[in-house]
Amino acid sequence: MAQRTPDASETGAGTATAFPAFAHRHMLGIAGLNPVEIDALLNRAEAMIPISRQRRTLPNLAGKTQINLFFENSTRTQASFEIAGKRLGATVMNMAMRTSSVAKGETLVDTAATLNAMQPDVIVVRHGSSGAVSLLSQKVECAVINAGDGTHEHPTQALLDALTIRRHLGRLNGMTVAICGDIANSRVARSNLVLLRTMLARTRVIAPRTLLPPGIGDMVDEVYTDMREGLEGVDVIMMLRLQHERSAGKLIASPREYFRFYGLDAEKLRYANPNALVMHPGPMNRGVEIDPAIADGPQSVITEQVEMGVAVRMAVLDALLSKTDAADA
Amino acid sequence: MRKPLLIENAHIINSMPYHDHIGAILVEDGRVSEIVKGAPPGAPDGAERIDAKGLIASPGLIDMRVFTGEPGLDYRETLESASLAAAAGGVTTIVVMPDTNPVIDDPALVDFVARRAAATAKVRVLPAAAITRGVEGREITEFGLLREAGAVCLTDGRRSIQDSGVLKAAMTYAYNFDMPIVHLPCDASLAAGGQMNAGSFSSFLGLKGIPIEAETIPLDRDMQLALATGVRYHAAPVSTARSIDVLERYRRDGSVTSAGVSINNLCLNQTDIGAYRTYYKLNPPLRTEDDRRALIAGIKSGLIDTIHSDHDPQDSEVKRQPFADAATGAIGLETLLASALRLFHSDDLDIMVLLETMTTRPAQILGLETGSLKKGAPADICLFDVDYPWIVEEAQLRSRSTNTAFENARMTGKVMMTIVGGEIVFKETGRW
């Protein structure tokens, strides 16, 4: 396992407490953010890491109400947002919508109106339909954070990935990043591609043609269908989860064939740069898209991604809601 | 008996017989009794004189693809409310699609629609009957009886017949009864789950795309079967540049088929969807600008015969949803002519050609006696000011549903009066 990277309290770097005011009301996607804004969010997240590691709580969101509105199950993202909110002093409420009024036919717009009437300060939304979070944001008066909408965007995932890369490699600019696997159905891939290109990284996707969306050439610098060619000389490898429902005779023929050609194992990893980072947004299908030995190996930063997730979500909540410009690190 | 009408000082435009001049139209007993150049003839006693100075007089528009909610979903649109929207849009004949609830697949239901329309509608309503029972694409309906009941053509509306054997049988049987078949070419498995045109824009939005071959493959199949059976086949709507290529190939082979396009695909493209605007979720989907240009070229070259509104009322409940969950379709009767005139003002299409696609050609395809201004023909007339500027406002629309793809759109050209069978069914109050 890769060594834990030091945080600001240990290096003395990034302890500046003033951050530029965030110019957006919501965090709906990476698209629309400029490099300066992304950098500022990453810096703010950097300052949150020691808070998180020291298990401290900041008063920045004291008295604020955060609703986690999850229309799709996601234990880890929901937990990460919940912890992030609590570390900033917010009151956090979780609503699992699969079991609530949605089942009784209430529309998303109705749900939005209902929640809005309860005067929350921020709603964190995950929804199975692309654009659903944007629609909801138009119907409420509070801030909205996209925790994943359909196959569109998952901005905090891209930010936590960027933070992880930056902490290990020092920068994003000029780094070659390969995203491998089910690109067509991945919001993680989309948000990451937008972010990485905005930050002037060199982007590649590697996948069988059936898992590439139409027009992918417009979204990425290079497209590969051969894993070895695609990994040649990359600094970062982002593996994507292969959804089970796509792995049987629909878009790929079988998990074993997939692993043979597109699973990350030691042999294929050798084509990447020697210390290339291995990343995965989780949850992993070990033995399908990634060899367990690689997932737990020295180049893997997968658990650090989870840790950065809390810091990034604290930073996003803070940027949207905090009246003070300081993270009080 | 109806009062005679004398329309004076109008710019009369009609392709067959050819009129493109200032003149007068005399209407008696619901029919055109005279069309003259220049000064009007003496008006008969008690005639209502209509000064149409500055206005174009064209045949009333015939819209070949209109969905209403009657029967079944009256809160979305009734035949009456659709007819009011049509009248305000200069549309004097609407062909109503059979995929209502229940589906119009039985002579008694065709009769029901015809009777309801006669009792409530302000414009001519021509029922289309389903090709297959329940528009399920499996068993053909009683084409002969449906025709006798008043069905003007056969179509499965929003549905496309997947089984080639069923379609061939339907075409053969339709040929037998001389009934035109109007069919949406769409391969359900290729289009499955699709929300918009497939391409980098759909990928960027994270929406599943509908590839162009979902249209071109069934279109090609349909054209082959039409050629083999000899049926009067109208491919509609088509939406892609490649479909024009397919049509051209068969036109060379001497096919007597025709094709239609939605006004939406002529005036808008996929980028109008922007950030998930569901009023632009349509079927066929809005395509690229290249496709739009190709469709316009297809009208110019005669490969596309008709323009229809694809009027499809959907309430806000089913439209104010995430894009993938939202209903498909937009209303368009009231804005059909105004939006079509954009193609005239942009110098893309000649006004004569443009009007033919919405008057003469649909009438020929369906075998109607309307669609032309000529002596003895029913007096279905549209008077419009081709340069009148206005803004489409949701609240002003007559449709029961407000899902227009032209909300707040700036239009140049407005219908000032609509006449159906010699009766004035719409007057723009500002003008008269």
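These notes cover the structure that comes with them. For clarity, every value in this text was computed on a predicted model and none was experimentally measured. (Residues numbered from 1 in each chain as written. Chains lettered and ligands numbered in written order. Predicted model: local features only at pLDDT ≥ 70, side-chain atom pairs only at ≥ 80, totals over all residues. Heavy atoms only, no water.)

This paragraph deals with the nonpolar core. With 98 residues, the main nonpolar core has Ile94(B), Leu154(B), Ile181(B), Tyr233(B), Ile307(B), Leu337(B) and Phe384(B) as its most contacted residues. Within the second largest apolar cluster, 88 residues are counted, among which are Ala143(A), Ala201(A), Ile206(A) and Val234(A). (Core = buried A, V, L, I, M, F, W, Y, C linked by side-chain atoms within 4.5 Å. Buried < 20%, exposed > 50% of the residue type's maximum accessible area, 1.4 Å probe, protein only.)

It is worth spelling out the interface of chain A and chain B at this point. Listed per partner, the contact involves 21 residues of chain A and 17 residues of chain B. For the pair chain A and chain B, the summed buried area comes to about 1400 Å², and 58% of that belongs to carbon and sulfur atoms. Here chain A and chain B share zero salt bridges between them. For the interface between chain A and chain B, the tally reads seven residue pairs in polar contact (both at pLDDT 80 or more). (Contact = heavy atoms within 4.5 Å. Buried area = accessible area lost by both parts, 1.4 Å probe. Salt bridge = Lys/Arg side-chain N within 4 Å of Asp/Glu carboxyl O. Polar contact = N/O pair within 3.5 Å; in protein donor to acceptor, adjacent residues only side chain to side chain.)

So, on to helix α4 (residues 164-176) of chain B. Residue and element names in this part refer to chain B. The end-to-end C-alpha distance of α4 is 18 Å, a good match for the 18 Å that 13 residues give at a rise of 1.5 Å each. Looking at α4, one finds that the buried residues are Val-166, Leu-167, Ala-170, Met-171 and Ala-174. In an axial view of α4, the angular spread of the buried residues amounts to 135 degrees, which keeps them on one side of the axis. Residues of α4 that are exposed and point more than 90 degrees away from the buried face comprise Tyr-175 and Asn-176. Residues of α4 that are buried sit in contact with α3 (143-149), β9 (153-155), β10 (181-183), α7 (213-229) and β13 (233-235). (Helix = DSSP H or I, 4+ residues; strand = E, 2+ residues; numbered from the N terminus. Expected span 1.5 Å × (residues − 1). Arc of directions from axis to C-beta.)

Let us now look at the packing of aromatic side chains. All names here are of chain B. Tallied over the entire structure, the rule returns three aromatic pairs over all chains. With a centroid separation of 5.2 Å and an interplanar angle of 45 degrees, the aromatic rings of Phe-143 and Tyr-173 are classed as tilted. Of this pair, Phe-143 sits in helix α3 while Tyr-173 sits in helix α4, and the two are 30 residues apart along the sequence. Grouping aromatic residues by their ring pairs yields a cluster made of Phe-143, Tyr-173 and Phe-177. (Phe/Tyr/Trp six-rings, centres within 6.5 Å; stacked < 30°, edge-to-face > 60°.)

All names here are of chain A. At a minimum axis distance of 8 Å, the contact between helix α6 (residues 155-169) and helix α7 (residues 187-198) shows a crossing angle of 55 degrees. In terms of orientation, α6 lies oblique with respect to α7. Classified by chirality, the crossing of α7 by α6 is right-handed. Judged by residue contacts, Pro-155, Gln-157, Ala-158, Leu-159, Asp-161, Ala-162 and Ile-165 of α6 engage Val-188, Ser-191, Asn-192, Leu-195 and Leu-196 from α7. (Axes fitted to C-alpha atoms, helices over the stretch in contact; angles between N-to-C directions. Parallel < 35°, antiparallel > 145°, perpendicular 65-115°, else oblique. Left-handed = near helix turned anticlockwise from the far one by under 90°.)

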